[in-house]
Each structure stands twice: as C-alpha cells, then as structure tokens.
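Understanding the architecture of this molecule
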Amino acid sequence: MARESKTWRCGKHTLTFDRPRIMGILNVTPDSFSDGGENFDQEAAIARGIAMLDEGADIIDVGGESTRPGFTPVSADEEARRVLPVVRALVAKGAIVSIDTRHVEVAKAAVRMGAAIVNDVTGFTDPKMVEFVANNTCGVVVMHAGELAEPERAPHTAVTLDTSAAAYMAEREAERQRAEAEGRPVPMGRLGRPRGGKVLGEPRLKGGAIQQRLPFGDIPNGSAAGEADAEAAGAHPAGEAASADEVMAAATSTAAAVSTEAVPGAEEAPSRASTGDAVPSNDELAAIMRRAAERRGATAADRVRQSRFTLPDSAPIMRRVMGFLSDQARSLVQAGVARDRICIDPGAGFGKSANEDIVIQRETAKMVSLGYPLMCAVSRKRVVGAVSGVSEASARDAATYGMCLGAIEHGANVVRVHDVAGFAQFLNGYWAVAHPQPRRAFVALGSNMGRRLDNIRAARDLIAEIPLTCVFSCSRIYESEPAYVKRQDPFANAVVEIRTELSPLVLLDELMAIENRLGRNRTPSARANGPRVIDCDLLWVEGESHGGDKLRLPHPRLGERDFVLVPLEDLVHDPARFFRYEGVQVLEPEERVGHVVRELGQL
C-alpha cells in the first residue's frame, strides 16, 4: 500500500506509516471551536499533552491561535507566550511536538525548544517561513486554507431550447425570406411544399416527422423562454409569423434572463463592491475564514441551484486544492526542503463548504498519489456535523472516526483528532482485523528475588500467551551487578525477541499484567530500581517512537545498560550499531551501568 512506502523525517525522528499515525490536538487558546479554554492554562495544557501521549498519540500538535470561523488574530508575541512553555515540557517527555502556527517567529522559537514539525495553516505562502524551514531539518505540514476571492468561473453561454410551434414556424419563414432575398431556391420539403409548410396544421420536421404541440399553453414550465414566446405571440395575429429580427430580439432577451438566473452572483457583484467590505490586507487567513462564513450564511435563494447531483463537480475543486498543495510542496523542495520532510493537508473547514469538504475527502486517493504523506484533519469540524446531524462539536467524535476511517482506507497517513483515547481504541480494533502486520520488538527480563531463572522462564512463557504475539528468539541468561541501587542481590537478565501485532501501549499493559501475576511489588513502599521478582521492560518496537509518562520508545536508558546490551548480542549482530542507527546514544562498555559478570545458562 502507499502508506507503507512513505516515511516522514521530522528532525531527529523518522515516522514510518506501516500503520496510521495519530496527531493529538492541543489548543492552548481561550476560543477554539471545540475545546476553547479547556487547556488555556499552561499546566493544564502540559498535563493534557502528556495524557494524550499515554492514550496513544504519536504526535502532539500545539497551537496558540484559534482559526475557527470569525476568529480573532493574535500577535506572534502572545502566541509564543501561550505555547512555548508547553512545547518545552512535552519535548522533555520525549514527545514528537508539532507547532501549529503561521508566524515565523513562533516557529523559530518552538523548533529551538525541540519541536519537530511546523504545521503552517497558510501553506508556507510566507517566504520567511519557507526560508526558515529550508535551513532546518524539521518536518513540515503544507495546508490548503482556501482563497481570498471566489474562484473564477468559466464563461457561461446561455442556451435557449424553444420547441413551440410559433418559434418553429418563425424560423422556417425567416429562412424562406432569406432565400428569396438572396435569389436562392426556396427550400422544399419532401412532399414538394416549401420546407416549413403545414400538414394537418402541424409543423413538419426534417425527415417528414410531425412536431407535436407541447401541452404547456402560453407559458411552458413558467420559463423565461415561455414568456418570450407569449410576448411574440401577442405581437402578431394568429397565423402570422414573426420577422427574423423580432425572433432574434426575443431570443436575446430570453438568453439574458436565463444567463442572469444561471450564473451565481451575477447581480450580486456590484452590490458587494459597493458595500466597501474590502478584504483586510493585514490578515488574509481571517479574511478567508470570514468569506467562508459569509458563503454559509447566504440566503436560500442564493444557494438554490437546479442540479441533478448532490455534490458539486469534483474536478474544479480538486484542481484548486491539489494544484496549491503540489505547487507549494514543489516550491519547498526547490528552496531546499527534502521531499521526505513534507506532509500535505487539504485543510478541511478552511475556506470550504461542507459539500466541498466531502468532495475532497472522497478524493483522498488522488491526493495520496502526489507522493507525500497525507493528513486527515476533519475532527469535530462542521462537515462532520453536517453528515452526522450532531450540532455540538464536542459530541462529533464517533462520526469523526467514520470519516477518518474512510480517509485511512484511501491512503491517509496521519489523523489529527481531539479524542485520542477513543480513536486509538477504534484504530487498534480495526487494524488488528483489517491489516495483519507483525512487528519485531525486544523485551528485557530481570529478577533478583526468589528463584531468579525460573521467574525469567515463567515470564517468557507468559509473553508467548499474549494475544497476537509470539516469542521469536531468546538470549542466554546472564548475571549482572545491581545498576542503580547498589545494596541488593545481583540480577539475572535476559532479552527475548518477539513478533507482535499489538500497539506498543497495549503490549506494555500486557507486560505489566505479567509482572503483577508473578508477584512484583508495586506498592508505594517498593523502592525504585530496588529488588523485584520480575521486571519486563519494553525496549524497542520496530518503527515506533513514543513519549510520555507511561511508555518511552526506544527505552530511554537502553544505551547505558550493560545487562541489556550484552544479552542483545545473542539476538543482534552489533546491538550498539543497530540502536545508534535508531537514534539511541549507546555508551562504551566501561561507561555503562549494571555490568554483566557471568553467564547463567540457556533461557
């Protein structure tokens, strides 16, 4: 699948897409459309960010300016004051942090504090922002926010279909008169009569077929064409045909009426210009969002269109969106941004109607074909409410899951959501059934209480019983010195290599359950790094990088533990080189803790 071949390099992190990645939304604002004010306090925002990591978020997207319809722009200084302490705290917890900003000053400060991604809602249309990211290694998200002005429409050619007998006769009479005036033979019908003559009082068409009169009376369907016919009929006595000039005049007035009716906004443009409601030059994004709100607030008469389709034509919409995204991505590449650092986002809800958003989401596969990782960011937005009938934004999570699933199945790689815990459960359940995908992982086992070897072997057997998991290989068992608390008995240690289809957080819960089952003491009286019956540490999972209080991947102390790296030599040819490639700082043997002193036997 397309998602499996893409990677997204974001600073020191590399995200693979063997499964979709979850981006948790953290709005440090008082006025966001769904959760405004909930995380405006910095301490609350930090706690919420850590909680989302522990719930399953791969990325935390921190924003300090609401971009809801009708939002109030904030200065770069105010935005920085809101977000920078939060970014610093989450980076310290090992999180992959994205800074959601359109201000280059805020982006610079956030990246200096460790943010790995710049998510620019204006799509890197600011040359200063382009210059900044070109000189860094952070990942970037190019978003389409809409246009300042209504997209230009193709010129409209009015077509008038008039099937009345009077018009037919007038056309034939005009043709006859032109022929006589030019000295040409009068066109003759198949029966030798001048073409346009009558048979049983009915007009005859080409080939001899009889044109039946339409049963609409003087005003066919109440259309402008019918009104023109009525006027023409009233201007001439029965049986007399209108002149060619009169017919053309009537057709011209009809075309004008149809054209005015069919072209949206044809009569509105002058009135809009006369209101003096000019787009502010100082904040284009606010103007775009205001224009979208005005479109949604238009009267029913303005929105009515006679159409046989429930949605607008996708071609012009996708040309606009995909053209912008591909052009901006190409500009970034030309400026020096590596292609594998770029992610694209069609910008659901930004300058678009609900119909347009649905069209765009249905065309996810086309956007994926551009070759960049694709983000689906519809969480709780107006389009979700439109298809679900849920008016309260915070109650739209279930419908959000459904729309995200549709995007994922068409190749979306990153899903930006508010409810991380619920979506992570939803995705884990779906992925386990629909996309079998075993991944490699390492688990370290240690014990220095009771029958140490038996404890390790029991833990290995219980790991083999974890659902969707198997023990692939085992190291030998080694004895090591105590690492962090010296006054305790030596440890027995081993490492098992497993294959698992579980997400890392779910696998961690299973390992903790094994520790509890074997009698590990987790009461407050237990010393950190003190004696234990069994310790099951998840060291590394293929393709995973994770932060938070509950789980850190790769294990933050992996590179300093001799009692882990030595058993790993039984499973990996050169563990130091292997984990350095994975971004882990591996110390030299003499600098490590918990040195191995002897081998105890086979596991």
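Refer to the structure above for everything that follows.
Residues numbered from 1 in each chain as written. Predicted model: local features only at pLDDT ≥ 70, side-chain atom pairs only at ≥ 80, totals over all residues. Heavy atoms only, no water.

1. What to know about the overall build of the chain
For the chain, the helix and strand inventory stands at 20 helices and 18 strands. When each of the 603 residues of the chain is scored for burial, the buried share is 46%. Contacts in the chain between residues far apart in sequence, at least 24 positions, make up 70% of those at least 6 positions apart. When the accessible surface of the chain is summed, it comes to about 29300 Å², and 52% of that surface belongs to carbon and sulfur atoms. (Helix = DSSP H or I, 4+ residues; strand = E, 2+ residues; numbered from the N terminus. Buried < 20%, exposed > 50% of the residue type's maximum accessible area, 1.4 Å probe, protein only. Contact = heavy atoms within 4.5 Å. Areas by Shrake-Rupley, 256 points an atom, 1.4 Å probe, with all protein chains shown as cover.)

2. Concerning unusual backbone geometry
Backbone geometry follows two general trends: most residues other than glycine have a negative phi, and most peptide bonds adopt the trans configuration. In this model, Leu-553 is joined to Pro-554 through a cis peptide bond whose omega is -15°. Mapped onto the elements of the fold, Pro-554 is located in the loop between β17 (535–541) and α19 (562–568). Its identity is not glycine, yet Arg-380 carries a phi of approximately 65°, on the positive side. Tracing the chain through its elements places Arg-380 in the loop between β11 (375–376) and α14 (382–388). In this structure Arg-380 comes out as buried when scored by relative accessible area, which is 11%.

3. With respect to the sheet that holds strand β12 (residues 414–417)
The parallel open sheet is built from 8 strands, whose spatial order is β10-β7-β6-β5-β4-β3-β12-β11. Pairing within the sheet leaves two strands with one partner each, and these edge strands are β10 (342–345) and β11. Inspection of the sheet shows strand β3 (residues 21–27) paired to β12 by 4 bridges, in the parallel sense. Within β12, the residue paired with Ile-22 across the bridge is Val-415. (Pairing = 2+ DSSP bridges.)

4. With respect to the state of the cysteines
As enumerated under the stated definition, the model contains 0 disulfides in all. Between Cys-404, a cysteine without a disulfide, and Cys-376, which holds the nearest cysteine sulfur, the sulfur-to-sulfur distance is 4.1 Å. (Disulfide = S-S within 2.5 Å.)

5. Describing helix α1 (residues 42–55)
Taking 1.5 Å of rise per residue, the 14 residues of α1 would be expected to cover 20 Å, and the 20 Å separating its terminal C-alpha atoms lies within 8% of that figure. For α1, the full list of buried residues reads Ala-45, Ile-46, Gly-49, Ile-50, Met-52 and Leu-53. Down the axis of α1, the buried side of the element spans an arc of 155°, and every buried residue falls inside it. Elements in contact with the buried residues of α1: β3, β4 (59–63), α2 (76–92), α16 (420–434) and α18 (504–517). The N-terminus of α1 is capped by Asp-41, whose side-chain oxygen sits 3.1 Å from the backbone nitrogen of Glu-43. Backbone geometry just downstream of α1 places Gly-56 in the positive-phi region, at approximately 130°. (Expected span 1.5 Å × (residues − 1). Arc of directions from axis to C-beta. Polar contact = N/O pair within 3.5 Å; in protein donor to acceptor, adjacent residues only side chain to side chain.)

6. A closer look at the side chain of Glu-65
Within the secondary structure, Glu-65 sits in the loop between β4 and α2. The class of Glu-65 is buried, set by a relative accessible area of 11%. Engagement of the side chain of Glu-65 in a polar contact is seen with the backbone nitrogen of Val-74, the distance being 3.0 Å. Separated by 2.8 Å, the side chains of Glu-65 and Arg-102 make a polar contact.

7. Quick look at the pattern of salt bridges
Counted according to the given criterion, the structure contains 40 salt bridges. Ionic pairing is found between Asp-18 and Arg-21, a salt bridge with its closest N-O pair at 3.3 Å. Overall, Asp-18 belongs to the buried group, its relative accessible area being 16%. Here the salt bridges do not stand alone but share partners, grouping Asp-18, Arg-19, Arg-21, Asp-58, Arg-439 and Glu-544 into one network. (Salt bridge = Lys/Arg side-chain N within 4 Å of Asp/Glu carboxyl O.)

8. Some details on the pairing of β4
Within β4, 5 of the 5 residues are buried, leaving the element largely enclosed by the surrounding structure. With burial as the criterion, each face of β4 is covered, one bearing Ile-59, Asp-61 and Gly-63 and the other bearing Ile-60 and Val-62. By the bridge criterion, 5 bridges tie β4 to strand β5 (residues 96–100) in an arrangement that is parallel. Bridging from a neighbouring strand, Ile-60 pairs with Val-97 of β5.

9. Topic: the pairing of strand β16 (residues 491–500)
Most of β16 sits out of view: 9 of its 10 residues are buried. Where strand β13 (residues 439–447) and β16 come together, 9 bridges link them in antiparallel fashion. Across the sheet, residue Gly-446 finds its bridge partner in β16, namely Asn-493. Looking at chain direction, strand β14 (residues 469–474) and β16 are connected through 5 bridges and run antiparallel. Pairing of Thr-469 across the sheet is with Thr-500, part of β16. Two elements, strand β15 (residues 476–480) and β16, share 3 bridges in a ladder whose sense is antiparallel. Residue pairing for β16: Glu-479 is matched across the bridge by Ala-492.

10. Some words on the packing of aromatic side chains
What describes a pair of aromatic rings is the distance from one ring centre to the other and the angle between the planes of the rings. Per the stated rule, a full pass over the model turns up 10 aromatic pairs. Taking 5.8 Å as the distance between ring centres and 55° as the angle between the ring planes, the aromatic pair formed by Tyr-401 and Phe-423 counts as tilted. Placement of the pair is Tyr-401 in helix α15 (residues 397–409) and Phe-423 in helix α16, with a sequence separation of 22 residues. Residue classification places Phe-423 among the buried residues on the basis of a relative accessible area of 0%. Connected via pairs of aromatic rings, a cluster forms that spans Phe-442, Trp-540, Phe-578 and Phe-579. Against the face of Phe-472 rests Arg-499, its NZ or CZ located 3.8 Å from the ring centre. The ring of Tyr-484 has Arg-557 lying over it, and the distance from NZ or CZ to the ring centre is 4.5 Å. (Phe/Tyr/Trp six-rings, centres within 6.5 Å; stacked < 30°, edge-to-face > 60°. Lys NZ or Arg CZ within 6 Å of the ring centre and 35° of its normal.)

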